[in-house]
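So you can see what is in the structure, the chains are spelled out below.
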Amino acid sequence: MAVQDPSLPLLDVRGVTVRFGGITALDGVSFAIARGAITGLIGPNGAGKTTLFNCLSRLYVPTEGSILFEGTPLEQSPAHRIAALGIGRTFQNLALFRTMSVRDNVMVGGHCRTGSGFLANALRLPAVRREEHRLSDQAERLMALLDLQDVAQRPVSDLPFGTAKRVEFARALMSEPKLLLLDEPAGGLNHEEVDGLRQLLRRIQSELRLTILLVEHHMNLVMRVSDQVVALDFGRKIADGTPAEVQAHPDVVRAYLGAEA
Ligand SMILES: Nc1ncnc2c1ncn2[C@@H]1O[C@H](COP(=O)(O)OP(=O)(O)OP(=O)(O)O)[C@@H](O)[C@H]1O
């Protein structure tokens, strides 16, 4: 397999347009994400954030344009291959198995990458046992990183919302993504938990050398945690730059004042 030039962007969104019947949800949106960066995707309600997010996780295919991940168009890969390509995601509403333990929920996230087939699993061949050990070690490492070790045996239904969100993170990280897509990670968190989330994002970015894209309404979090911010309005990109540049951009100020004042 060809090794990609590390100076090229990890993700390259090129002229993406998505139409639903007569509605243009995204209109020629282009931006690139460098390896190792945290990028915030913002915009008022209906701006097209979720639509773009769904294109990145391959739930939608752009009507026009292309999204390159490590130089390869995403639309060439079927949706079920996205995790194996190296794109992980979390959901706006928790998508965990509530009666299962934290540890088992985290372990589930590793199974998209196991290469062993049904027969090898059924016979518990040595390679399968080695793979199980590897996954188990990795789950322990991630639970330590996300401060979940003390609740590892507890069912998710017992946990406060903020802790359950960390379980979802750990599960997404089990697939060893290169790009982690976070859909409103601050939704439902209190002030203190949002601050904890900011520190956590920085920690996983540096310790796992992860690239992160977050769609988020919590402006304070986006502006404090992101290296780059991309702003959408009515399906178009209106700004792209550092948090300070985007915050001061007249079109961004107008979009937010017009939509939310
Ligand atoms: N499946 C769909 N069918 C028809 N129209 C859609 C569909 N999904 C989104 N839209 C429309 O596309 C536009 C962009 O919506 P989208 O949900 O991407 O915005 P958003 O920025 O995520 O908004 P919010 O912050 O409210 O979640 C909206 O006008 C929306 O009504």
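Residues numbered from 1 in each chain as written. Predicted model: local features only at pLDDT ≥ 70, side-chain atom pairs only at ≥ 80, totals over all residues.

So, the overall build of the protein chain
What counts here: The secondary structure listing takes helices from DSSP runs of H or I that are at least 4 residues long and strands from runs of E that are at least 2 residues long, numbered from the N terminus. In this scheme every C-beta is placed from the backbone, and a residue whose C-beta has 20 or more other C-beta atoms within 10 Å is buried, one with 12 or fewer is exposed, and one in between is partly exposed. C-beta atoms are placed from the backbone for every residue, and two residues are taken to be in contact when these atoms lie within 7 Å.
Within the protein chain one finds 10 helices and 10 strands. Expressed as a percentage of the 261 residues in the protein chain, the buried residues total 35%. When contacts within the protein chain are restricted to residue pairs at least 6 apart in sequence, those whose partners lie at least 24 apart make up 70%.

A closer look at the domain arrangement of the protein chain
Basically, it comes down to this: What fixes the domain bounds is an automatic or database domain assignment. Each residue gets one label: Ala, Val, Leu, Ile, Met, Phe, Trp, Tyr, Cys and Pro are nonpolar, Asp, Glu, Lys and Arg are charged, and the others, such as Gly, are polar.
Domain parsing of the protein chain yields domain 1 (1-86 + 178-261) and domain 2 (101-176). Those elements giving two or more residues to the side of domain 1 that touches domain 2 turn out to be helix 2 (82-85) and helix 7 (191-207). Top contributing element to the side of domain 1 that touches domain 2 by residue count: helix 7, with four residues. The residue makeup of the side of domain 1 that touches domain 2, split by class, is eight nonpolar, one polar and two charged.

Re the sheet that holds strand 5 (residues 72-73)
Which entries qualify depends on this criterion: DSSP-based pairing: two strands are paired if at least 2 bridges between them are found. Axes, fitted as lines to C-alpha atoms, cover a helix only where it is in contact. Angles between the N-to-C directions of the axes lie from 0 to 180 degrees.
An order of 2-1-4-5 is seen for the four strands of this open sheet, with the pairing classed as antiparallel. The sheet is open, and its two borders are formed by strand 2 (23-33) and strand 5, each paired with just one other strand. Of the strand pairs in this sheet, strand 4 (residues 64-69) and strand 5 are connected by two bridges, and their pairing is antiparallel. The residue bridging L68 from the neighbouring strand is P73, located in strand 5. Helix 1 (residues 49-56) rests against strand 1 (11-20), strand 2 and strand 4 of the sheet, and its axis sits at about 60° to strand 2.

A few points about helix 1
Counted residue by residue, helix 1 has six buried out of eight residues, so it is predominantly covered. Turning to helix 1, its buried residues are K49, T51, L52, F53, C55 and L56.

With respect to the nonpolar core
Note the following rule: Buried Ala, Val, Leu, Ile, Met, Phe, Trp, Tyr and Cys residues form a nonpolar core when they are connected through C-beta atoms within 7 Å.
Counting residues in hydrophobic clusters, the biggest one holds 64 residues, and the most contacted among them are V106, L142, A170, L181, I212 and A231. Inspection of this core shows a minimum of three residues originating in each of domain 1 (1-86 + 178-261) and domain 2 (101-176). The contact partners of L142, leaving out residues within four places of it in the chain, are V106, A170, L173 and M174.

Side note on the site of the ligand
The criterion, for reference: As used in this record, a residue near a molecule or strand is one whose C-beta atom, placed from the backbone, is within 6 Å of it.
By nearness alone, every residue bordering the ligand is listed as F20, I23, A25, G43, N45, G46, A47, G48, K49, T50 and T51. Of all the secondary-structure elements, those providing two or more residues to the shell around the ligand are strand 2 and helix 1. Counting residues per element, the shell around the ligand draws most heavily on helix 1, at three residues.

Side note on the sheet that holds strand 7 (residues 179-183)
The strands that make up a sheet are held in pairs by hydrogen bonds between backbone atoms, and each pair lies either parallel or antiparallel. Taken in spatial order, the six strands line up as 6-7-8-3-9-10 in an open sheet, and their pairing is mixed. Whereas interior strands pair on both sides, the edge strands pair on one side only; in this sheet they are strand 6 (87-89) and strand 10 (236-241). Direction aside, the axes of adjacent strands within the sheet are offset by 20° on average. Where strand 3 (residues 38-42) lies against strand 8 (residues 211-215), four bridges are found, and the strand directions are parallel. Paired with T39 across the two strands is L213, which belongs to strand 8.

Here's the deal with the pairing of strand 8
What counts is decided by this rule: Note on handedness: a clockwise path from strand one over the helix to strand two, with the strands aimed away from the viewer, defines a right-handed crossover.
Among the five residues of strand 8, five are classified as buried, and the element is accordingly described as predominantly covered. Covered by surrounding structure in strand 8 are T211, L213 and V215 together with I212 and L214, the residues of both alternating faces. Relative to strand 8, strand 7 is paired through five bridges, and the arrangement is parallel. By the bridge assignment, L179 is partnered in strand 8 with T211. The parallel pair strand 7 and strand 8 is bridged by helix 7, and the resulting crossover is right-handed.

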